[in-house]
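Listed here are the chains, written in short residue letters.
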Amino acid sequence: PGTSYMDASSQQESNTSKKPTGPYDRDRLLKHMKTEAERSTVGNDWLVHTPGEKKGKKYEAPTYATPVSLGKKSEFDSTGDPELDALLSGVGNSASEVELDELAEILGVASMQSSTTYVSQPPSGNGLKNIVKATVPVVKSSTLETDGGARVDVEESVRLLATNDTSLTCLDLTSHPDLKSEHLLDICRSLMSSTHLQKLLIANTGLNDIHAKILAEALEYNRTLKVLNIESNCISATGMSRIVKALKENSVLEEFRLNNQSHALGMNGENGLANMLEHNHTLRKIGYTFKSAGPRAKVDRLLIRNNDLARQKRVSNTIVSYS
């Protein structure tokens, strides 16, 4: 025992009382297995598969009544209850659609619903036997209603930014359906000379490395932008490194969100983001989920430093030394 060169039979003595059956004989073993299988009673009730023959009960799909949109009408399908039929036929002409819907919900009569679209569901015994499926019309336009209720026109916003209009201080184009790549290029180029825009939100707009290169150049010259959100886009680690490098020279941006890109930033990218903060003393918020503990701890420490510097500047209302 203890050596890997000895087989199991040599390492341990046999404790069985059965006499050796001799050397391995394949034909004899197969004959023995067949004999034992014939003696066994297991599977006697099993049915032999016959190609093309169907066994058992034939499946029949359950049938449900198809609701019919009738709106207001004087005659209803019979519910099987004479009193209920009389009640329904009496209110058909006088009740409004809202009242009919409420009555249908109480009685469970789906045919009274005024909606024309239904989703078939098995009867549950509670409430309607069929669910009314609401449909929202898709309207495409060059405007998009934001949470605040304001209308954002893409063409007009690009024009205002290009002309450096004083009224444009916040531009929110997050997930805008009509925003094209040409619009993004114009926005990035105009950002270079903009002196009034303070907040740019272009998350989920299809930004790629081409846009990132121009955006990085703009961030080196821009001195008014304080919030930048480019989350949920298609910028690679190379494109993001250009933006991060440009932020070393930027002394205005306070919030930068870059999470959820289609390409992972990687260890080198996270280290570059942390090293950038050593030179940048204005960034106070970074929207990114770090995968590495080292860069995350470094960024947390530097963000605390920047927030403390901003607090000191706000309290004293004087320029704070970055040394």
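Residues numbered from 1 in each chain as written. Predicted model: local features only at pLDDT ≥ 70, side-chain atom pairs only at ≥ 80, totals over all residues. Heavy atoms only, no water.

Once that is clear, we can look at the overall build of the chain. The helix and strand tally for the chain stands at ten helices and nine strands. By residue count, 31% of the 323 residues in the chain fall in the buried class. Looking at the chain alone, contacts between residues at least 24 apart form 64% of all its contacts between residues at least 6 apart. Accessible surface for the chain amounts to roughly 21,800 Å². Of this, 52% is attributable to carbon and sulfur atoms. (Helix = DSSP H or I, 4+ residues; strand = E, 2+ residues; numbered from the N terminus. Buried < 20%, exposed > 50% of the residue type's maximum accessible area, 1.4 Å probe, protein only. Contact = heavy atoms within 4.5 Å. Areas by Shrake-Rupley, 256 points an atom, 1.4 Å probe, with all protein chains shown as cover.)

So, on to the nonpolar core. If you look at the biggest cluster of nonpolar residues, it comprises 48 residues, and the most contacted ones within it are Leu 200, Leu 228, Ile 230, Met 240, Ile 243, Phe 256 and Ile 286. Elements that contribute at least two residues to this core include exactly α5 (154-162), α6 (181-191), α7 (209-221), α8 (237-246), α9 (266-279) and α10 (293-316). The biggest single contributor to this core is α7, with six residues. Ignoring anything within four residues of it in the chain, the contact list for Leu 200 reads Leu 171, Ile 187, Leu 191, Leu 225, Val 227, Leu 228 and Asn 229. (Core = buried A, V, L, I, M, F, W, Y, C linked by side-chain atoms within 4.5 Å.)

Here the phi dihedral of Ser 175 falls at roughly 55°; this positive angle occurs in a residue that is not glycine. With respect to the helices and strands, Ser 175 occurs in the loop between β5 (170-172) and α6. Its identity as a non-glycine residue notwithstanding, Asn 204 has a phi of 55°, on the positive side. Inspection of the secondary structure puts Asn 204 in the loop between β6 (199-201) and α7.

Before going further, it helps to spend a moment on α7. The end-to-end C-alpha separation of α7 is 19 Å, in line with the 18 Å expected for 13 residues at 1.5 Å each. Regarding α7, the residues found buried are His 211, Ala 212, Ile 214, Leu 215, Ala 216, Ala 218 and Leu 219. Tucked inside the fold, the buried residues of α7 contact α6, β7 (227-229) and α8. Between the side-chain oxygen at the start of α7 and the backbone nitrogen of Ile 210 there is a gap of 3.0 Å, and the oxygen is on Asn 208. (Expected span 1.5 Å × (residues − 1). Polar contact = N/O pair within 3.5 Å; in protein donor to acceptor, adjacent residues only side chain to side chain.)

So, on to the packing of aromatic side chains. Aromatic ring pairs are reported here in terms of the distance separating the ring centres and the angle at which the planes meet. All told, the structure shown has one aromatic pair when counted by the stated rule. Ring geometry for Tyr 288 and Phe 290: centres 4.9 Å apart, planes at 90°, overall edge-to-face. Here Phe 290 falls in the buried class, since its relative accessible area comes to 10%. (Phe/Tyr/Trp six-rings, centres within 6.5 Å; stacked < 30°, edge-to-face > 60°.)

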